[in-house]
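An overview of the molecular structure
Here are the chains, one letter per residue:
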Amino acid sequence: AELIDPAAFGFGRPGYMVDTTFIGSQDFEGGGFETFELRTIVPLWKQRLDNGLRLSLSLGYNLTEYDFSGAGTDRELHTLEAQLSAFWKKPNSPWWGLGFVTPGLGSDFEKLSGEDFQVAALGLLGYEFTDTFSVAGGVYASQAHDEGRVLPALGFIWQPGDWTLQVTPPFLVLGRRLNDKLTVNLSAYPGGGSWDLDEDRRANTLIVSGWQAAAGAIWQFNPRLSLAVRAGINFAGDLEIRDRNDRTRVDESLDPAPFAALNLRFNF
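Residues numbered from 1 in each chain as written. Predicted model: local features only at pLDDT ≥ 70, side-chain atom pairs only at ≥ 80, totals over all residues. Heavy atoms only, no water.

Left-over empty space is what a probe sized like a water molecule reveals as it rolls over the atoms. Tallied over the entire structure, the rule returns 2 cavities of 30 Å³ or more. By volume, the largest cavity amounts to about 120 Å³. As for the largest cavity, its lining consists of 14 residues, of which Ile23, Tyr66, Gly191, Gly192 and Val208 are closest to the centre. At the level of secondary structure, the elements contributing two or more residues to the lining of the largest cavity comprise β1 (15–28), β2 (31–48), β3 (53–70), β11 (182–196) and β12 (205–220). The biggest single contributor to the lining of the largest cavity is β12, with 4 residues. For the lining of the largest cavity, a count of residues per class yields 4 nonpolar, 9 polar and 1 charged. (1 Å grid on protein atoms, 1.4 Å probe; cavity = no way out; pocket = protein on both sides within 12 Å on 5 of 7 lines; lining within 4 Å. Points joined across faces, edges and corners; volume = space filled by probe spheres on them. Helix = DSSP H or I, 4+ residues; strand = E, 2+ residues; numbered from the N terminus. Nonpolar A, V, L, I, M, F, W, Y, C, P; charged D, E, K, R; others polar.)

With that settled, the discussion passes to the pairing of strand β10 (residues 171–177). In the sheet, strand β9 (residues 163–168) pairs with β10 via 6 bridges, with the strands oriented antiparallel. Bridge assignment links Leu165 to a residue of β10, and that residue is Leu174. Here β9 folds back onto β10, and the loop between the two strands holds 2 residues. For β10 and β11, the ladder comprises 6 bridges, and the chain directions are antiparallel. Within β11, the residue paired with Leu172 across the bridge is Ala188. Here β10 hands over to β11 after 4 residues, the two strands then running antiparallel side by side. (Pairing = 2+ DSSP bridges.)

By the secondary structure assignment, Asn234 is in strand β13 (residues 225–242). The exposure class of Asn234 is buried, given its relative accessible area of 5%. For Asn234, the side chain forms a polar contact with the side chain of Gln26, separated by 3.0 Å. Ignoring sequence-local partners within four residues, the contact set of Asn234 consists of Ile23, Gln26, Trp211, Gln212, Asp255, Pro256, Ala257 and Phe259. (Buried < 20%, exposed > 50% of the residue type's maximum accessible area, 1.4 Å probe, protein only. Polar contact = N/O pair within 3.5 Å; in protein donor to acceptor, adjacent residues only side chain to side chain. Contact = heavy atoms within 4.5 Å.)

On to the packing of aromatic side chains. Overall, the coordinates contain 12 aromatic pairs when judged by the stated rule. A ring pair is formed by Tyr16 and Phe266, whose centres lie 6.5 Å apart and whose planes are at 40°; its orientation type is tilted. Residue Tyr16 is found in strand β1, and its partner Phe266 is found in strand β15 (residues 257–267); the two are separated by 250 residues along the sequence. Of the residues examined, Phe266 reaches a relative accessible area of 37% and is grouped as partly exposed. Ring-pair connections join several aromatic residues into one group, and the members of that group are Phe28, Phe33, Tyr66, Phe68 and Trp195. (Phe/Tyr/Trp six-rings, centres within 6.5 Å; stacked < 30°, edge-to-face > 60°.)

Our next topic: a negative patch on the surface. Together, Glu34, Glu65, Asp67, Asp74 and Glu76 make up a region of like negative charge exposed at the surface. Within the secondary structure layout, Glu76 lies in strand β4 (residues 75–88). With relative accessibility at 47%, the residue Glu76 sits in the partly exposed group. (Patch = residues over 30% accessible without salt bridge, like charges linked within 9 Å, V, L, I, M, F, W, Y side chains within 5 Å. Areas by Shrake-Rupley, 256 points an atom, 1.4 Å probe, with all protein chains shown as cover. Salt bridge = Lys/Arg side-chain N within 4 Å of Asp/Glu carboxyl O. Lys, Arg positive; Asp, Glu negative; His and termini not counted. Charge placed at Lys NZ, Arg CZ, Asp CG, Glu CD.)

Next up on the list: the side chain of Ser85. Position of Ser85 among the secondary structure elements: in strand β4. Of the residues examined, Ser85 reaches a relative accessible area of 16% and is grouped as buried. Here Gln83 takes part through its side chain, which lies 3.1 Å from a polar atom of the side chain of Ser85. Among residues more than four places away in sequence, those in contact with Ser85 are Arg54, Leu55, Ser56, Gly99 and Phe100.

Ranked by size, the top nonpolar core spans 13 residues in total, and within it Phe33, Tyr66, Leu206, Val208 and Leu239 carry the most contacts. Among the secondary structure elements, those contributing two or more residues to this core are β3, β12 and β13. If we skip the residues at most four places from it in the chain, Phe33 touches Gly24, Ser25, Gln26, Phe28, Tyr66, Asp67, Phe68, Val208, Leu239 and Leu254. Residues Tyr189, Ala214, Ala257 and Phe259 belong to the second largest nonpolar core, which totals 7 residues. (Core = buried A, V, L, I, M, F, W, Y, C linked by side-chain atoms within 4.5 Å.)

Dropping the structure here:
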């Protein structure tokens, strides 16, 4: 469970996290938009059981602001979600398990309905071949705005010495611990989200997707407190807007754009 978490997705030990991201203009035909994102995670509870099982519950809130130019209007969108996580590993056993379920709401919060609800879940079973190399396989599933998907999850974790290579799709991280305080890393991970637009009569659903590739550094002030910075490119982006009849009104590919982010974490 000691994984590098450059973008505050909640890997590793439970902790309080605040992550801010600024993305430059992602242009498309007829316009573009800049993005500000604030992501927070607050741990609420954790429990260690005698059979090697650790349970934790956290609450997450994301504020996403899209500043449109050209066609479109500015958007202030919210995601509120709870995450129940489990990690299992018995002493002296090469097997381990990891899973979470994350129900939540994605909306402009003008008026709540069943269309605001979304949920994601991941289950992994891993095997430690050596003290430095593990493989894992499982399933990722999600449901949002009447659309569901189920994807296989297969990858490995290799930690030779001060190096860490996490190939756990859709998250890829290569990191190196330079000393007790500083870790540098390269990472790639998905970005964006989907929201129900209750206040807009012309649009019902906004979906922004893409990938972020970044170089970053994590400074560990003490065993609990760390500060991380990262910068890179947001690429392979798409913008989709659907009306209340679920018809696609906007479907645009987005140009790559630079981004920078700052993350503060306090371990539980």
